[in-house]
Amino acid sequence: MNLERFTIDSIKQGLMSKQFSDVELLTEYFKRINKYDMHIKSFITLCEEESLKKAKEVDEKIAKGEKLGFLEGVPVSIKDNICTNTIKTTCASKMLNDFIPPYDASVVKKLKESGAVIVGKTNMDEFAMGSSTENSSFFKTKNPWDIDRVPGGSSGGAASSTAAGFVPLAYGSDTGGSIRQPASFCGVVGIKPTYGLVSRYGLIAFGSSLDQIGPLAGTVKDCALGLEAVQGSDTKDSTSIKEEYCINYLNTIEDGIKGLKIGIPKEFLSEDLNKEIKSKVSESIKALEKLGVEIEEFSLPITETGLSAYYIVSSAEASSNLGRYDGVRYGYRTDKFEDYKELILKTRTEGFGDEAKRRIMIGTYVLSSGYYDAYYKKAMIYRQKVKKLFKDAFSKYDVIVSPTSPILPFKIGEKTNNPLDMYLADTLTVNVNLAGIPALSMPCGFSKSKLPIGIQFMADHFNEEKIFRTAYTLEQELKVDNVPQMKLEVK
Amino acid sequence: MKVTIKEVEYIAKLANLKLTEKEAEKMADEFSGILTHFDNIKKENLDGIQMYSFDDESSKLRDDKVIEFENKEELFRNVKDMSKTSIKIPKVVE
């Protein structure tokens, strides 16, 4: 089986035509995971036994001719900040090292109902704070294109698990670029949906007004299917959309993009941008023009201040959300303590890693007396300005295009000593979260050193359909071969 | 903007974190860099915009209904120290 090129559709067809059974399929996937994941390290927890059990049930359903679910038998990976009943959910933190949720996140519930098989929980930056997956308390995940480089973050395990062919579909979360940037670094497709389109119930909170769960996959169609499977309203998330939502993206994905208006924000293609990234993205823009879209350059001067506003707002929310980790009800608890205060202080000091502490500290600072007005309030007001500027832009353009990341995948350890330098890597993705709009990253080519380059498509709230259609059309035109040749020493 | 070690220690206290002297020193340095970047926000003209000017709609509230959680035992699966159905913690009130 050529697993690394399997799509959801080829799996469905293979199962239905009895080319292979789901047990055979899962066995092959686990063979591949067991062979290569010791080098890539995508997974914190693997669920081999449960997966094969579930696959057997799928095979029985097929044999009996029962009605099959939307993702029946399809292997998926889940980022380790999304709660899975009875499966350890660590957030890649010592704080939740032994945490076994008593319930499924709504997304997981939907996936199970649709017949998907959860193969494991993927590595990430601790509490989703980071852009390289180096902040995991357990181990560093490697980029399948070059194992000396980071896979991006914070959904680095999700992106690498897709790129390495361990699963055809992965679920991550995106607070400031955490799906799109690792998708770009690993050469896969990933979407951050409109805020509210996917329920956050059971997603361990980082920045509640910014967080959103989304899929990553090898192709645009699979990414669209992955979103369809989990989108919709949920009474357990008061910020989720209010009405039923059943848009079938595949109905229109092949309709072409003739007549669409695409805006290019010139500040997103500034001089700081890596030259190879600029050139590949420019080539893609030319390709889009050839495909019949109208291209126009315009000014959207939000990158610099947007990054500041993002780090202020997200850290403020993180400091509040992470206040719950006190060693009382669940999670890590310090060994020795005299009193209640010491229990909390020692638990938090020992349980959180450096980056989580840094964000809690920044958040506490910008919310503290005397700084609230100067930082937090101003950042929240600036956020409104970002929203307005995007709204104005989308009154003129259907889709906005930019690179996903201003830099190529960097070497492991290259940026760990300079947090600000790491934060600057998020310049092109964070404003999307401030505005709550959807955005997708897809591969558009490679650097000379064969590192993937991602292009980002943004659209107005709930306009995922336009994004998928544009991305699919470009994908068919560029035909980027995004399966890495993993030259790994296999024991 | 320069941040002093004393300020860092004060913030750590508010955040229920304990930093070593070396950590506090490092964080003061990092904070100064990060806050300088945050100063971008002070250069922006934000006249006439309120905190929620362009938010579309308010959150949806669900009915305040009691829903029985089936697996009560599983709810306590992650508790470190228990006595019957209560969680044990050190004495809070003297």
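About the cut-offs
Throughout this description, residue numbers start from 1 for each chain and increase along the sequence as written. By the order in which they are written, chains take letters starting at A while ligands take numbers starting at 1. For this predicted model, a pLDDT threshold of at least 70 governs which residues receive local features, and a threshold of 80 or more governs which side-chain atom pairs are given and counted, while totals over whole chains, interfaces and linings are taken from all residues. No hydrogens and no water enter the side-chain calculation; it runs on all heavy atoms of the structure. Each helix is a run of DSSP H or I of at least 4 residues and each strand a run of E of at least 2, with the numbering of both proceeding from the N terminus. To get the radius of gyration, use the C-alpha atoms; to get the globule rule, take the number of residues to the power 0.38 and multiply by 2.2 Å. With a 1.4 Å probe rolled over the protein chains alone, any residue whose accessible area is under 20% of its type maximum counts as buried; one over 50% counts as exposed, and the rest are partly exposed. The contact criterion used throughout is that any non-hydrogen atoms of two residues lie within 4.5 Å. Exposure was quantified through the Shrake-Rupley algorithm and a 1.4 Å probe, taking into account, for residues, occlusion by the shown protein chains and nothing else. When DSSP finds two or more bridges between a pair of strands, those strands are recorded as paired. To define axes, lines are fitted to C-alpha atoms, for helices over the stretch in contact only, and angles between the resulting N-to-C directions are given on a 0 to 180 degree scale. Here a salt bridge means any side-chain nitrogen of Lys or Arg lying within 4 Å of a carboxyl oxygen belonging to Asp or Glu. Throughout this description, a polar contact denotes any pair of N or O atoms lying within 3.5 Å of each other; where both atoms belong to protein, one of them has to be capable of donating a hydrogen while the other can accept it, and for residues adjacent in sequence the pair is counted only when both atoms sit in side chains. Residues are grouped as follows: Ala, Val, Leu, Ile, Met, Phe, Trp, Tyr, Cys and Pro are nonpolar; Asp, Glu, Lys and Arg are charged; all remaining types, including Gly, are polar. Each angle gets one of four labels, with under 35 degrees taken as roughly parallel, over 145 as roughly antiparallel, 65 to 115 as roughly perpendicular, and the rest as oblique. Two helices crossing with the near one rotated counterclockwise from the far one by less than a right angle form a left-handed crossing, whereas a clockwise rotation gives a right-handed crossing.

## Digging into the overall build of chain A
When helices and strands are tallied, chain A shows 15 helices and 11 strands. The C-alpha atoms of chain A give a radius of gyration of 21 Å, which matches the 23 Å a tight globule of 491 residues would have. Buried residues in chain A amount to 64% of all 491 residues. At a minimum sequence separation of 6, the contacts of chain A that also span at least 24 residues come to 76%. Counting only carbon and sulfur atoms, one obtains 48% of the accessible surface of chain A, whose full area is about 17200 Å².

## Observations regarding the sheet that holds strand β7 (residues 261–265) of chain A
Hydrogen bonds between backbone atoms are what pair the strands of a sheet, whose relative direction is either parallel or antiparallel. All names here are of chain A. Here we have 11 strands laid out as an open sheet, ordered β1-β3-β2-β4-β6-β5-β10-β11-β9-β7-β8, and mixed in their pairing. A strand with exactly one partner marks an edge of an open sheet, and here the two such strands are β1 (43–46) and β8 (294–298). Adjacent strand axes in the sheet meet at a mean angle of 30° when their direction is disregarded. Bridge count between strand β2 (residues 75–79) and strand β4 (residues 169–174): three bridges; the pairing is parallel. Of the residues in β4, the one forming a bridge with V76 is L169.

## Some thoughts on the pattern of salt bridges
Residues and elements named next belong to chain A. Counting across every chain of the model gives 27 salt bridges over all chains. The residue K109 makes a salt bridge to E113 at a minimum N-O spacing of 3.7 Å. Linking K109 with E113, this pair stays in helix α4 (residues 106–113), spanning four residues, or about one helical turn. Take K109: its relative accessible area is 47%, and that puts it in the partly exposed class. On the basis of relative accessible area, E113 is assigned to the exposed category, the value being 57%.

## Focus: the interface of chain A and chain B
The partner chain B presents 53 residues to the 65 residues of chain A that form the contact. Residue A:K385 is joined to B:E44 by a salt bridge in which the shortest nitrogen-to-oxygen separation is 3.3 Å. Taken together, the links from chain A to chain B amount to 16 residue pairs in polar contact (both at pLDDT 80 or more). Looking at the side of chain A that touches chain B residue by residue, the class counts come to 37 nonpolar, 13 polar and 15 charged.

## Overview of the environment of B:V66
Residues and elements named next belong to chain B. Examined against the element boundaries, V66 turns out to sit in the loop between α2 (21–38) and α3 (72–75). Under the relative-accessibility criterion, V66 is labelled exposed at 79%. The sequence separation of V66 and K22 amounts to 44 residues, and the corresponding C-alpha distance is 50 Å.

## Brief notes about the environment of A:R200
Residues and elements named next belong to chain A. Looking at the element boundaries, R200 is found in the loop between β5 (189–192) and β6 (212–217). Each C-alpha atom of the pair R200 and S173 lies 9.5 Å from the other, and the pair is 27 residues apart in sequence. For R200, the residues in contact, after removing those within four places along its chain, are Y195, S208, D211, Q212, D237 and T239.

## Overview of the packing of helix α9 (residues 303–321) of chain A against helix α12 (residues 372–396) of chain A
All names here are of chain A. At a minimum axis separation of 9 Å, α9 and α12 run at an interaxial angle of 120°. Accordingly, the angle class assigned to the pair α9 and α12 is oblique. The two elements α9 and α12 cross, and the hand of that crossing is left-handed. From α9, T305, G306, A309, I312, V313, A316 and E317 reach across to α12, where they touch Y375, Y376, A379, M380, Y382 and R383.

This is a description of form; function is not addressed.
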